[in-house]
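Listed below are the residues making up each chain.
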Amino acid sequence: SEYPSIRRCGVSVAILGPENELAYGLHTPLPGTAQTVPRAETYALLALVDHAVPNSTLLYVTDHNNLKINFDKGQHHGLKCINVDLYKLIFHKITEKKLTVTIKWVPGHLDDPRKAAGMQVPSDVTQAEKDGNKHADTLARESAEANQIPIERSQSVVYYTHLTGRIQRRLAAI
């Protein structure tokens, strides 16, 4: 949504079966007032480590490269990130449960020709990883759509956002 104050994001984790079909999907609306895609991607990692069995080895595949970069830089770097509250919980759960977590980036939205144009898919990305990311994106989108703010509650935000823009453009012209 172009109106961040009324945008709602979904969170999901997908686990695939032997034929790359969705075997298990965890999805939920992103809790809280901060509703951004990077926060939703980070919260999905938190959901994964929270539900993981102690001493597990996890491969988390994401289309959000900044999450991989930030995570790979370690706990101290995570404490400097905008979603520090989530990174604290993630690293705490990893330590507490003695988890081994690897994050792998895959390009997302490869089925959208506009977004996929010119995108290079790394040679080590498997079809299962692409399929898993697609399943997770679908679940997250469904969760977000199911939790959008009703139009009767959001109309005033949209109206006053447009009005403020018109006033600002008018003042800039004066």
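This one's a predicted model, so the numbers in the text were calculated from it and none came from an experiment.

Conventions adopted
- Residues numbered from 1 in each chain as written.
- Predicted model: local features only at pLDDT ≥ 70, side-chain atom pairs only at ≥ 80, totals over all residues.
- Heavy atoms only, no water.
- Helix = DSSP H or I, 4+ residues; strand = E, 2+ residues; numbered from the N terminus.
- Polar contact = N/O pair within 3.5 Å; in protein donor to acceptor, adjacent residues only side chain to side chain.
- Contact = heavy atoms within 4.5 Å.
- Core = buried A, V, L, I, M, F, W, Y, C linked by side-chain atoms within 4.5 Å.
- Buried < 20%, exposed > 50% of the residue type's maximum accessible area, 1.4 Å probe, protein only.
- Axes fitted to C-alpha atoms, helices over the stretch in contact; angles between N-to-C directions.
- Parallel < 35°, antiparallel > 145°, perpendicular 65-115°, else oblique.
- Left-handed = near helix turned anticlockwise from the far one by under 90°.
- Nonpolar A, V, L, I, M, F, W, Y, C, P; charged D, E, K, R; others polar.
- Phe/Tyr/Trp six-rings, centres within 6.5 Å; stacked < 30°, edge-to-face > 60°.
- Pairing = 2+ DSSP bridges.
- Expected span 1.5 Å × (residues − 1).

Asker: Which residues make up the side chain of Arg 39, and what values do they have?
Answerer: Tracing the chain through its elements places Arg 39 in helix 1 (residues 37-51). For Arg 39, the side chain forms a polar contact with the side chain of Asn 83, separated by 2.8 Å. What Arg 39 contacts, discounting residues up to four positions off in sequence, is Leu 30, Ala 34, Asn 83, Asp 85 and Leu 86.

Asker: Quick one: what's the story with the nonpolar core, residue by residue and with numbers?
Answerer: Side chains of nonpolar character tend, in soluble globular proteins, to be buried together. With 26 residues, the main nonpolar core has Leu 45, Val 49, Phe 71, Ile 94 and Val 101 as its most contacted residues. Going through the elements one at a time, strand 1 (10-16), helix 1, strand 3 (57-62), helix 2 (65-72), helix 4 (84-97) and strand 4 (100-105) are the ones with two or more residues in this core. Among the elements that take part in this core, helix 1 stands out by supplying 7 residues, more than any other. With residues near it in sequence (within four places) discarded, Ile 94 still touches Val 49, Phe 71, Leu 99 and Val 101.

Asker: Talk me through the packing of helix 2 against helix 4; I want residue IDs and the actual numbers.
Answerer: Close contact between helix 2 and helix 4 brings their axes to 12 Å; oriented N to C, the two are set at 55 degrees. Relative to helix 4, helix 2 is oriented oblique. For helix 2 against helix 4, the interelement crossing comes out right-handed. Residues Leu 67, Asn 70 and Phe 71 of helix 2 lie in contact with helix 4, whose contacting residues are Tyr 87, Ile 90, Phe 91 and Ile 94. Residues belonging to the contact of helix 2 with helix 4 are distributed by class as follows: 6 nonpolar, 1 polar and no charged.

Asker: Tell me about the packing of aromatic side chains, and please be specific about residues and values.
Answerer: For the structure shown, the criterion picks out 2 aromatic pairs. On the basis of an interplanar angle of 5 degrees and a centroid distance of 5.2 Å, the ring pair of Phe 71 and Phe 91 is categorised as stacked. Highlighted residues: Phe 71 in helix 2 and Phe 91 in helix 4, separated in sequence by 20 residues. Taken individually, Phe 71 and Phe 91 each receive the classification buried, so the pair is uniform in this respect. On the numbers, 4.8 Å between centres and 80 degrees between planes, the contact of Tyr 159 with Tyr 160 is edge-to-face. On the accessibility criterion, Tyr 159 (49% relative accessible area) is partly exposed.

Asker: Could you give me a rundown of unusual backbone geometry, with the residues and numbers involved?
Answerer: Notably, Asn 20 is not glycine yet its phi reads approximately 65 degrees, a positive angle. Its place among the elements puts Asn 20 in the loop between strand 1 and strand 2 (22-29). A positive phi is found at Lys 98, a non-glycine position, where the angle reads about 55 degrees. For Lys 98, a relative accessible area of 58% corresponds to the exposed category.

Asker: Give a description of the pairing of strand 1 that names residues and reports values.
Answerer: The side chains of a regular strand alternate between the sheet's two faces. Both strand 1 and strand 2 contribute to a ladder of 7 bridges, which runs antiparallel. Across the sheet, residue Val 11 finds its bridge partner in strand 2, namely Thr 28. Between strand 1 and strand 2, which pair antiparallel in sequence order, lie 5 residues; one of them, Asn 20, sits at a positive phi of approximately 65 degrees.

Asker: Pulling in residues and values, what's your account of the environment of Leu 58?
Answerer: You can see Leu 58 is positioned in strand 3. Residues Leu 58 and Ile 103, 45 residues apart in the sequence, show an inter-C-alpha distance of 8.4 Å. Among residues more than four places away in sequence, those in contact with Leu 58 are Leu 48, Val 49, Ala 52, Leu 99, Thr 100, Val 101 and Thr 102.

Asker: Summarise helix 1; cite the residues concerned and give the values.
Answerer: Counted at 1.5 Å a residue, the expected span for helix 1 with its 15 residues is 21 Å, and the 21 Å between its end C-alpha atoms agrees. Looking only at helix 1, the buried set comprises Arg 39, Ala 40, Glu 41, Thr 42, Ala 44, Leu 45, Leu 46, Ala 47, Leu 48 and Val 49. In the core, the buried residues of helix 1 are packed alongside strand 1, strand 2, strand 3, helix 2, helix 4 and strand 4. Capping of helix 1 at its N-terminal end is provided by Thr 36; its side-chain oxygen lies 3.1 Å from the backbone amide nitrogen of Arg 39.

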